[in-house]
Amino acid sequence: MFIGPFALDNGLFVAPMAGVTDRPFRQLCKRLGAGYAVSEMVTSRPDLWNTLKTSRRANHDGEPGPIAVQIAGTDAAMMAEAARYNVDRGAQIIDINMGCPAKKVCNKWAGSALMQDESLALSIIDAVVQACAPSNVPVTLKMRTGWCQSHKNALSIALAAQDAGVQMVTVHGRTREQGYKGHAEYDTIAAVKAALRIPVVANGDISSPEKARAVLQRTGADAIMIGRAAQGQPWIFREIAHFLSTGEHLAPPLVSEVKRLLIEHLHDHYSLYGEFIGVRSARKHIGWYVHSLPGAEAFRQEMNALEDSASQLAAVGHYLDRLNTEMDRIPVRGADATCAKENRGATGADRTSAPRMEVAL
Ligand SMILES: Cc1cc2nc3c(=O)[nH]c(=O)nc-3n(C[C@H](O)[C@H](O)[C@H](O)COP(=O)(O)O)c2cc1C
């Protein structure tokens, strides 16, 4: 799978998620099997480029390439300028956000709201492609299936974007109107894939290896993109990769590995955000890692009251050490916690027969 000149290791992508897929989390996902990750969206408003928030979002220190930066905005000239600015600072791929339902970006409806105004959407795409052309930086587009159920225009925008020079399109199988409610549908993604020459990525509600395989089969997409299901389980990428290549399930991670990964993640997180913000913004990640593990609720309440990184690290270590006395591997998500006992003694290379998850398409 290629994006412009960049060959990717595989077609398992980390979805951009503002406030989640910062550089430490993207790096972790890539280490654990993701072939590609896009940054959280960066505003196209120049007056905000020097804020701490935007500069943290633009931080790619030590991240393996290609470095992909997503930009969001509603003004073609500003979006072109934002593309140039980020390319000058190391972006190797520019992604245009037409997928995020966030209410307002730049004080105007942006993200997926742009799908309501096709001519504005296309003027932005054109301007960004032109801005990136001199440096041979590929431009990609992330969007939804349309504005609402009766106005699903992903196909016409995707075709026009391809004509304008966009080199990959990702489609989240929901409309803007749906937000995150209901289910993602994959027929529109299949129609986009069937019509385009450039790679098409399927996104939405992919939360298990079975679902990944089913979405790939249903859409014919070149790659899949995973967002919420990676929160607190960045190893989902290696699990899906293993399942797609062998048809077998990889054993869930050892509790000791989860401890090592989470502690490394936290150190990296504090180094990006600093002590005060870092401790507070790490709480959501810790909560996701321990989600549905035994004693997680009490642990989260205790951990949320801690205000410094040393106590947070110690609490995480203590909780996972205690869990390790009860089980070697974390339970399969959504499975009965007792099945972890059955995995006792398995090595990382072993396969386990995780319960089949229902695949609703
Ligand atoms: C917390 C959060 C933040 C998000 N931020 C962005 C963003 O910055 N840019 C974007 O294009 N999509 C954003 N999205 C949408 C995701 O990239 C993805 O399209 C959506 O979550 C559906 O995929 P999933 O079902 O695998 O989570 C965000 C989603 C979540 C949950």
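None of the values given here were measured: they were computed from a predicted structure.

A. Representation of the overall build of the protein chain within the structure. Summing up its helical and strand segments, the protein chain has 13 helices and 10 strands in all. For the protein chain, with 361 residues in total, the buried portion stands at 46%. In the protein chain, of all internal contacts separated by at least 6 residues, the share reaching a separation of at least 24 is 68%.

B. A look at the pairing of strand S4 (residues 36-43). The buried fraction of S4 amounts to 8 of the 8 residues, a majority that puts the element mostly inside the structure. With 2 bridges joining them, strand S3 (residues 12-14) and S4 adopt parallel strand pairing. Directly across from Val14, in S4, lies its bridge partner Ala37. When S4 meets strand S5 (residues 68-72), the two strands line up parallel, connected through 4 bridges.

C. Layout of the site of the ligand. What surrounds the ligand is a group of 22 residues, the closest being Ala15, Met17, Met41, Gly227 and Arg228. Of the residues in the shell around the ligand, the class split is 10 nonpolar, 8 polar and 4 charged.

D. Summary view of helix H4 (residues 118-132). The end-to-end C-alpha separation of H4 is 21 Å, in line with the 21 Å expected for 15 residues at 1.5 Å each. Taken together, the buried positions of H4 are Ala121, Ile124, Ile125, Ala127, Val128, Val129, Ala131 and Cys132. Of the surrounding secondary structure, the elements contacted by the buried residues of H4 are helix H3 (76-88), strand S6 (93-98), strand S7 (139-146) and helix H5 (154-164).

E. Focus on the environment of Gly220. With respect to the helices and strands, the residue Gly220 is situated in the loop between helix H7 (209-219) and strand S10 (223-226). Separated by 18 residues in the primary sequence, Gly220 and Ala202 have C-alpha atoms spaced 8.9 Å apart. What Gly220 contacts, discounting residues up to four positions off in sequence, is Ala190, Lys193 and Ala194.

F. Up close: the packing of H3 against H4. Running from N to C, H3 and H4 point in directions that differ by 30 degrees, and their axes come no closer than 8 Å. Put simply, H3 runs roughly parallel to H4. For the crossing formed where H3 meets H4, the hand is right-handed. Contacts between H3 and H4 involve Ala76, Ala77, Met79, Ala80, Ala83, Arg84 and Val87 from the former and Ser123, Ile124, Ala127, Val128, Gln130, Ala131 and Cys132 from the latter. Considering only residue class, the contact of H3 with H4 consists of 11 nonpolar, 2 polar and 1 charged.

G. Seen up close, helix H8 (residues 236-246). For H8, the full list of buried residues reads Ile236, Phe237, Glu239, Ile240 and Ala241. Downstream of H8 by a residue or two, Gly247 has a phi angle that is positive, lying close to 80 degrees.

H. Region of interest: the sheet that holds S10. Taken in spatial order, the 8 strands line up as S3-S4-S5-S6-S7-S8-S9-S10 and close into a barrel, and their pairing is parallel. Sheet twist, expressed as the mean angle between neighbouring strand axes with direction ignored, is 30 degrees. Running at roughly 155 degrees to S5, H3 makes contact with S4, S5 and S6 of the sheet.

I. Expanded view of the nonpolar core. Phe13, Ile71, Ala83, Ile94, Val128 and Ile224 are the most contacted members of the largest nonpolar core, which totals 77 residues. The dominant element in this core, judged by the number of residues it contributes, is H4, at 8 residues. Among the nonpolar cores identified, the runner-up in size contains 19 residues, and Leu262, Leu266, Tyr270 and Leu320 belong to it.

J. Seen up close, the confidence of the model for the protein chain. Per-chain confidence: the protein chain averages 89 in pLDDT, with 89% of residues scoring 70 or above. pLDDT under 50 marks residues 335-358. Its contacts with residues more than four places away, or in other chains, come to 38 contacts.

K. The pairing of S7, seen in detail. Of all 8 residues in S7, 8 are buried, a share of seventy percent or more. When S6 meets S7, the two strands line up parallel, connected through 5 bridges. Residue pairing across strands places Ile94 opposite Val139, the latter belonging to S7. Here S7 runs beside strand S8 (residues 168-175); their pairing, made up of 6 bridges, is parallel. Each bridged residue has a counterpart across the sheet, and for Thr140 the counterpart in S8 is Met168.

L. View of the packing of H5 against helix H6 (residues 187-195). Packing of H5 against H6 leaves a shortest axis separation of 9 Å and a crossing angle of 30 degrees. The angle between the axes of H5 and H6 places the two elements in the roughly parallel class. H5 and H6 meet at a crossing whose hand is right-handed. Residue-level contacts link Ala154, Leu155, Ala158 and Leu159 of H5 to Thr188, Ala191, Val192 and Ala195 of H6. Taken together, the residues that form the contact of H5 with H6 break down as 7 nonpolar, 1 polar and no charged.

Scoring rules and cut-offs
- Residues numbered from 1 in each chain as written.
- Predicted model: local features only at pLDDT ≥ 70, side-chain atom pairs only at ≥ 80, totals over all residues.
- Helix = DSSP H or I, 4+ residues; strand = E, 2+ residues; numbered from the N terminus.
- Buried ≥ 20, exposed ≤ 12 C-beta atoms within 10 Å, placed from the backbone.
- Contact = placed C-beta atoms within 7 Å.
- Pairing = 2+ DSSP bridges.
- Near = placed C-beta within 6 Å.
- Nonpolar A, V, L, I, M, F, W, Y, C, P; charged D, E, K, R; others polar.
- Expected span 1.5 Å × (residues − 1).
- Axes fitted to C-alpha atoms, helices over the stretch in contact; angles between N-to-C directions.
- Parallel < 35°, antiparallel > 145°, perpendicular 65-115°, else oblique.
- Left-handed = near helix turned anticlockwise from the far one by under 90°.
- Core = buried A, V, L, I, M, F, W, Y, C linked by C-beta atoms within 7 Å.
- pLDDT = per-residue confidence, 0-100.

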